[in-house]
There are 2 protein chains.
Amino acid sequence: PALAQDDDAFYRDMFEPLPALPPIPADNSMTREKIELGKMLFFEPRISSSGVISCATCHNPALGWTDRIPRAVGHLGQEGSRNTPTVLNAGFLEAQFWDGREATLEGQALGPIAADVEMAMDLDQAVARLQEFETYREHFAAAFPDDAEPINADNVAQAIASFERTLNTPNSPFDRYLRGDEGALTEDQIAGMRLFVDVGCASCHNGPVLSDSNYHVFDAPGSEDEGRFVVTGDEADRFAFRTPTLRNVAVTYPYFNNGSVEDLHQAVYMMGDQMLGYEFTDGELDQVVAFLHALTGEMPAITPPALP
Amino acid sequence: PALAQDDDAFYRDMFEPLPALPPIPADNSMTREKIELGKMLFFEPRISSSGVISCATCHNPALGWTDRIPRAVGHLGQEGSRNTPTVLNAGFLEAQFWDGREATLEGQALGPIAADVEMAMDLDQAVARLQEFETYREHFAAAFPDDAEPINADNVAQAIASFERTLNTPNSPFDRYLRGDEGALTEDQIAGMRLFVDVGCASCHNGPVLSDSNYHVFDAPGSEDEGRFVVTGDEADRFAFRTPTLRNVAVTYPYFNNGSVEDLHQAVYMMGDQMLGYEFTDGELDQVVAFLHALTGEMPAITPPALP
Ligand code: HEC
Ligand code: HEC
Ligand code: HEC
Ligand code: HEC
Ligand SMILES: [Ca+2]
Ligand SMILES: [Ca+2]
Ligand SMILES: [Ca+2]
Ligand SMILES: [Mg+2]
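Residues numbered from 1 in each chain as written. Chains lettered and ligands numbered in written order. Predicted model: local features only at pLDDT ≥ 70, side-chain atom pairs only at ≥ 80, totals over all residues. Heavy atoms only, no water.

Here we look at the pattern of salt bridges
Residue and element names in this part refer to chain A. So the rule is basically this: The salt bridge definition used is simple: a Lys or Arg side-chain nitrogen within 4 Å of an Asp or Glu carboxyl oxygen. For the exposure calls, accessible area comes from a 1.4 Å probe over protein chains only, and a residue counts as buried if that area is under 20% of its type's maximum, exposed if over 50%, partly exposed in between.
What the rule picks out here adds up to 24 salt bridges over all chains. Among the ionic pairs, Asp99 bridges to Arg101, the shortest N-O distance being 3.1 Å. Of the residues examined, Arg101 reaches a relative accessible area of 43% and is grouped as partly exposed. Because the salt bridges share partners, they merge into one network encompassing Arg82, Asp99, Arg101 and Asp225.

Here it is in structure tokens:
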């Protein structure tokens with residue numbers, strides 16, 4: 001490409017290493033007690049109507065905190081229409097869901113509990129079920145000491161969001177490279193990083209998690225999803241999707257809003273083609289994919305909680 | 001009860017502390033490679049036809065390696081007719097399932113993959129799916145170095161069984177007591193242990209996991225399950241169930257073959273009544289239940305595997 005630069009520093013400056021933590025909202029300070037409670041709730045299947053589906057069913061720690069199937073499967077085995085994004089580093093995104101219909105993790109957390117194709121549980125019933133457990137009564141009281149009735153839906157959301165903000169993946173080879181360890185990336189990966197900038201990927205995939213948290217029209221194979229249009233009703237948003245993070249993208253296949261593409265080479269090829277009118281050669285594809293593999297960081301070392 | 005003895009040594013001799021490992025079958029030596037592979041397979045949802053149900057869905061590490069609902073919920077949200085037993089210490093049982101229809105963990109492991117109400121996956125298809133993954137090809141080759149085609153159903157069973165044999169819960173207060181630490185049990189727990197022997201519970205609940213691995217008729221509320229009779233066709237076995245382990249029984253509620261009883265006091269009361277014609281007083285029930293709580297050991301510290 002025409003804009004290729006020789007100076008590594010130029011490329012480095014286009015990116016930033018992953019901070020230790022995402023921004024913490026002023027009205028949900030992050031405490032050890034909330035994180036611990038949020039972890040319990042994230043793994044808690046008894047707030048689903050079947051009693052066996054938890055957040056961790058679809059955002060499975062064994063599978064990069066996603067499910068690695070095309071479209072989510074939830075209550076009664078129903079298949080949804082969208083691919084499950086990882087919750088890793090989700091605290092860095094400024095818009096949640098493929099259509100950005102929630103701004104924050106707090107706003108997001110109650111949706112899947114109630115959604116018919118996910119956990120299919122009435123929220124009042126979920127709260128009532130939690131209230132039955134002495135252990136939850138203790139944990140909610142410790143996490144929300146100022147509340148007279150601490151077990152409520154808002155606090156469920158606050159605790160889950162606090163836990164999710166701990167699910168970050170620092171120290172990827174790319175982060176180590178950005179911090180000055182030149183040997184952390186292979187030559188192919190460095191060439192891939194340069195292509196990623198030169199071809200224009202970084203115009204949308206930028207910031208700490210390589211997402212602008214903004215909406216762009218994309219035609220994923222077989223998708224009839226209207227994307228952001230469903231939220232805004234704005235014609236310009238029809239078939240537009242929030243740019244996903246590319247951190248850990250090597251372990252969050254399949255790709256795109258409907259999980260229609262399994263192969264990362266193909267996903268990159270389609271991005272170049274549709275988003276930038278650029279046709280990658282096979283050699284270039286290998287390099288960009290090698291670069292994307294360098295975005296896999298250290299997975300959070302979570303042992304399952306002991307639920308009551 | 002008439003047979004009450006004063007000598008603690010008498011009661012101690014009725015029991016044995018949990019050994020570090022259950023018996024290892026001669027034809028499935030336990031290797032690090034098999035255990036690691038078995039752990040992956042235990043957490044692997046893609047060998048279910050929905051793609052989201054694994055052994056760990058029902059035998060959930062966050063819930064005492066069971067599901068804490070009355071009857072198991074599996075493929076398409078279907079409810080089975082039986083309560084999910086924990087897999088903790090299952091290697092010590094000489095008969096698997098409520099009806100003992102399998103003798104070994106190896107014999108047991110493939111059943112749930114194929115069962116329509118559990119994972120509902122054709123075994124050949126499960127094996128074919130595993131063969132697609134480079135990582136599984138490597139792990140099976142390392143675990144079964146003598147096999148030309150190591151990814152097959154038998155080896156899936158061998159690996160899962162090897163992993164399960166590591167899921168033991170040593171060092172419960174009761175084990176510490178049996179090893180000589182007098183202070184490990186409270187006075188109520190010691191009184192409960194004496195009652196457990198004197199009333200006759202230990203005639204069926206004995207050996208390292210407090211199960212004789214034998215069959216006894218019991219009428220759980222609402223159960224129409226014919227139990228062992230389904231396997232043998234023998235009239236004497238109608239409504240007979242294999243004695244379950246009592247290790248970790250405090251964390252494996254609800255109780256009985258159909259999960260019909262939630263409260264441990266009630267379960268103990270019913271055992272005394274039906275099995276031994278003995279009616280516990282409330283004070284005695286508290287003591288026996290206190291004793292049963294002393295059977296909760298150290299949970300295996302398992303972090304979810306990183307699946308391919
Ligand atoms: C049945 C599967 C399923 C369950 C259960 C589930 N999720 Fe999700 N999750 C999804 C899918 C699918 C999406 C994308 C939906 C969309 O964009 O409309 C999603 C999106 C998200 C997002 C937004 C991530 C992003 O990049 O936009 C977060 C955060 C999240 N889920 C957290 C949770 C929490 C917390 C729970 C439990 C309270 C949960 N999920 C339960 C499937 C599931
Ligand atoms: C105009 C904005 C924009 C540009 C430029 C862009 N992307 Fe994307 N990228 C997106 C959006 C939006 C999606 C989600 C599309 C969807 O799923 O419908 C996406 C999805 C992806 C995915 C799939 C991620 C996942 O988890 O599903 C990959 C990989 C990717 N982009 C890489 C690239 C590469 C490499 C380039 C440069 C060749 C690039 N993108 C250029 C906006 C952009
Ligand atoms: C849908 C829920 C479900 C799934 C999935 C499931 N199990 Fe089970 N498991 C059960 C139930 C219910 C029983 C008792 C069935 C019976 O007795 O007929 C059981 C019994 C067992 C037992 C016998 C324990 C005892 O005390 O007798 C073992 C061991 C076991 N399962 C291991 C596994 C393994 C390994 C897998 C995955 C390959 C698995 N289970 C998948 C629900 C499940
Ligand atoms: C004659 C044999 C026998 C005797 C005696 C016996 N049990 Fe049981 N126990 C069983 C069997 C068989 C079951 C399983 C019954 C079922 O679920 O249908 C069982 C189940 C239990 C359970 C529920 C375990 C679970 O995980 O569901 C508890 C608790 C229990 N027994 C405690 C006791 C106590 C305490 C005594 C003495 C008062 C006792 N048992 C006497 C055979 C016996
Ligand atoms: Ca909201
Ligand atoms: Ca994906
Ligand atoms: Ca049980
Ligand atoms: Mg099209």
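Back to the write-up after that little detour.
Description of empty space enclosed by the protein
Convention followed: The rule is simple: put a 1 Å grid over the protein atoms alone, call a set of points where a 1.4 Å probe fits but cannot get out a cavity, call an open set with protein on both sides within 12 Å along at least five of seven lines a pocket, and count a residue as lining if it has an atom within 4 Å of a point. Grid points are joined across faces, edges and corners, and a volume is the space filled by probe spheres set on the points. Under the DSSP-based scheme used, a helix requires at least four consecutive residues in state H or I and a strand at least two consecutive residues in state E, with every element numbered from the N terminus. Basically, the charged four are Asp, Glu, Lys and Arg, the nonpolar ten are Ala, Val, Leu, Ile, Met, Phe, Trp, Tyr, Cys and Pro, and anything else, Gly included, counts as polar.
Counted according to the given criterion, the structure contains three cavities of 30 Å³ or more. The volume enclosed by the largest cavity comes to roughly 320 Å³. Taken together, 20 residues form the lining of the largest cavity, with Ala56 and Asn60 of chain A together with Ala56, Thr57 and Asn60 of chain B sitting closest to its centre. Residue assignment for the lining of the largest cavity shows that the elements contributing at least two residues are α3 (55-58) of chain A together with α3 (55-58) of chain B. Across the lining of the largest cavity, the residue classes break down as 14 nonpolar, six polar and no charged. Taken as a whole, the second largest cavity encloses approximately 170 Å³ of empty space. Considering the residues around the second largest cavity, the lining is formed by 18 residues, among which Ile53 and Gly74 of chain A together with Val52, Ile53 and Gly74 of chain B are closest to the centre.

Let's talk about the coordination of the iron atom of ligand 2
Residue and element names in this part refer to chain A. Basically, it comes down to this: Note on donors: an N, O or S atom is included if it sits within 2.8 Å of the metal, or within 3.2 Å for Na, K and Ca, and water is never included, so sites can look incomplete. Key to geometry: four donors with every angle between 85 and 135 degrees are tetrahedral; four donors are square planar and six octahedral where opposite donors lie over 155 degrees apart and all remaining angles lie between 65 and 115; all other sites are irregular.
At this site the iron atom of ligand 2 is bound by His205 (NE2) and Met271 (SD), with donor distances of 2.1 to 2.3 Å. Coordination at the iron atom of ligand 2 is octahedral: its six donor atoms span angles of 87 to 179° at the metal. Of the two residues, His205 sits in the loop between α9 (187-199) and β1 (215-217) while Met271 sits in helix α11 (residues 264-276), which places them 66 residues apart along the sequence. A relative accessible area of 9% places His205 in the buried class. For Met271, a relative accessible area of 23% translates into the label partly exposed.

A closer look at the domain arrangement of chain A
All names here are of chain A. Short version of the rule: Bear in mind that the domain bounds are from an automatic or database domain assignment. Contacts between residues were defined by any pair of non-hydrogen atoms, one from each residue, lying within 4.5 Å. Put simply, buried area is the surface a 1.4 Å probe can reach on two separate parts but cannot reach once they are joined, added for both. Pairing of N or O atoms within 3.5 Å defines a polar contact, subject to two protein rules: one partner must be a possible hydrogen donor and the other a possible acceptor, and residues neighboring in sequence count only if both atoms are side-chain atoms.
Looking at chain A, the domain boundaries give domain 1 (8-19 + 169-293) and domain 2 (32-164). Taking only C-alpha atoms into account, the centre of domain 1 sits 27 Å from that of domain 2. Contacts between the two partners involve 27 residues from domain 1, matched on the other side by 23 residues from domain 2. Interface area, domain 1 with domain 2, both sides summed: about 2100 Å², of which 58% is carbon and sulfur. For the interface between domain 1 and domain 2, the tally reads one salt bridge. Inspection of the region where domain 1 meets domain 2 yields 10 residue pairs in polar contact (both at pLDDT 80 or more). Of the residues assigned to the side of domain 1 that touches domain 2, the class counts are 12 nonpolar, 11 polar and four charged.

Here we look at the site of ligand 1
All names here are of chain A. Selection criterion: Proximity is defined per residue: any heavy atom of the residue falling within 4 Å of a molecule or strand makes that residue near it.
Inspection of the region around ligand 1 gives 28 residues, with Cys55, Cys58, His59, Phe97 and Arg242 positioned closest. Between His59 and ligand 1, the recorded distance is 2.9 Å, taken from a side-chain N or O atom to a nitrogen atom. With respect to ligand 1, the side chain of Gln108 contributes an N or O atom lying 3.2 Å from a nitrogen atom. Top contributing element to the shell around ligand 1 by residue count: helix α4 (residues 105-114), with five residues. Here the shell around ligand 1 is built from residues that sort into 16 nonpolar, seven polar and five charged.

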